[in-house]
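Close look at the chain arrangement
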Amino acid sequence: MSKIANRDKEGILVIDFGSQYVQLIARRIRENKVHSTVVPPTISIDRIREINPYGIILSGGPSSVYDRSAPSFDPRVLELGLPILGICYGMQLLGRLAGGNILKSGKREYGRTEVKFDRRNPLFRGISPASVTWMSHRDKVDGLPDGFRAIGKSDNTKCAAFMNYKKNIYGVQFHPEVVHTVNGKKILKNFLFGICGCKRTWTMKSFIQKKIDDITDQVGSQDVILGLSGGVDSTVSAVLLHRALGKKLHCIFVNNGLLRKGEVDRVKKLFTRNIKLDLRVAESEDLFLKALKGVTDPEKKRKIIGRTFIKVFDDKARSIKNASFLAQGTLYPDVIESQTFFGGPSKTIKSHHNVGGLPKKMGLKLVEPLRDLFKDEVREVGRELGLADEMVDRQPFPGPGLAVRIVGEITRERLNMLREADWIIVDVAKRSGIYRKTWQTFGVLLPVKSVGVMGDDRTYENTIAIRSVTSVDGMTADWAKVPYHVLGEMSNKIINQVEGVNRVVFDVSSKPPSTIEWE
């Protein structure tokens, strides 16, 4: 097996064996301005040669290397001459493929575990001789393969890390990518720069220029349609595409009547006055409200909104004659989640992805300008493109809009009630500094009425729930510890200014078991 030719190299290849931390591995690499690509273990030798990475990281995973269906990869990868780092399952797999012995540990290691390091190797250079790591495994390397030696140990195992200096192969039983591993970032930096020789070339400025060139080559003389929601992803996509295509970009904004207060005017002003691109607004509030009349089941709401969106979008798009491409704001986590560690496509597509069903129906090819980026990188691109912080730092907003923040039937009256309450919540959150510290902070209208007293009169009115969560990626979330005086201001203003509301409550549930949105 010949080694990879010495030509321009491209980042780090992360082979995913089903790790819950694989996105975190990729993000940690990119934090060091090194590009990372996550691939399934079915990747071919030829594809690895084509990518030509500086090195390879093998992720952890839920399997045991001895499971009948345990994922593996082509062992010839070990002969390519590339530096390799195996993490947890990745280490055990390296040990087995190299001829070592992997056993089920008599004592499982989960959570914080102290590891003593042999620092006479480039992976652990400059770190403490012993520090806390994060373990999550039940198997261990019991017999080292020929040419390997242990470079770390814990109370439970004599081999918490190993290396083969001649082949440039390393393995760690712990997870350096998580914050609980005290020297984790330093260990990864040692691998990237001390062992692989990576260059710090992954910046959003370089990404923008390369992506503009890619879009221009892909689209040619044809036109592109973009479904614009006004959120961070679609806005950054629009500005980036506009830089590349100019008048060949056509944006469609569907006003479904389920948007936040002032959203339609904000989008029109931003894209017609400031950015000055071709924006076509489909005013469809009545159509959506008619379709949703009497519907209370949340899944039915989502399906109705999705079908109606596709119809409205399709009708509006037919007026654009030269369009051959549809642009979507797909992000890199969507790409990673769409492939299992066995290499097959995922059967689940996010139901809130508004235009997921459009390409086949419309016969358009896809342009996905952000598919290589994580959410925080999208925000960086937005700033690099000159977008204001207020736009770039906007919190996520669900595709079905306020429909999933109104529990029960959707009516014009209930929408207006929630819009006003939500506007107050967000305004107070911004002024108090809570907005930027939380993943999402918003209001929910409940199907609950209660007795109240206003001006010595009895009232029987609606309840607003305040939902505020902290999160890194939205996959898990904890309820935000919002100061009482901030909650008090939100509640006081809502009850005094929003007609039809006499009670405000605060949601203190985490995800899981709850979800961030209520429906």
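Scroll up a little and you will see the structure.
On a predicted model such as this, the values are computed, not experimentally measured, just so you know. (Residues numbered from 1 in each chain as written. Predicted model: local features only at pLDDT ≥ 70, side-chain atom pairs only at ≥ 80, totals over all residues. Heavy atoms only, no water.)

1. Description of the overall build of the chain
When helices and strands are tallied, the chain shows 15 helices and 18 strands. For the chain, the C-alpha radius of gyration of 26 Å lies close to 24 Å, the compact-globule estimate for 519 residues. Classification of the 519 residues of the chain by burial places 55% in the buried group. In the chain, 76% of the contacts between residues at least 6 apart in sequence involve partners at least 24 apart. In the structure as shown, the chain presents an accessible area of about 24200 Å², 49% of it carried by carbon and sulfur atoms. Side-chain charges of the chain comprise 82 positive and 58 negative groups, with the mean position of each set lying 3 Å from the other. (Helix = DSSP H or I, 4+ residues; strand = E, 2+ residues; numbered from the N terminus. Rg over C-alpha atoms; globule rule 2.2 N^0.38 Å. Buried < 20%, exposed > 50% of the residue type's maximum accessible area, 1.4 Å probe, protein only. Contact = heavy atoms within 4.5 Å. Areas by Shrake-Rupley, 256 points an atom, 1.4 Å probe, with all protein chains shown as cover. Lys, Arg positive; Asp, Glu negative; His and termini not counted. Charge placed at Lys NZ, Arg CZ, Asp CG, Glu CD.)

2. Observations concerning unusual backbone geometry
That bond from Lys-511 to Pro-512 is cis: its omega, -15°, falls within 30 degrees of zero. Take Pro-512: it is sitting in the segment after strand E18 (501-506). The omega torsion across Pro-512 and Pro-513 is 10°, close enough to zero to call that bond cis. Note that Pro-513 resides in the segment after E18. The backbone of Asn-52 sits at a positive phi, close to 55°, despite the residue not being glycine. Its location among the elements puts Asn-52 in the loop between helix H2 (45-51) and strand E3 (55-58). When its relative accessible area of 0% is taken as the criterion, Asn-52 is described as buried. Even without being a glycine, Asn-168 presents a positive backbone phi close to 65°.

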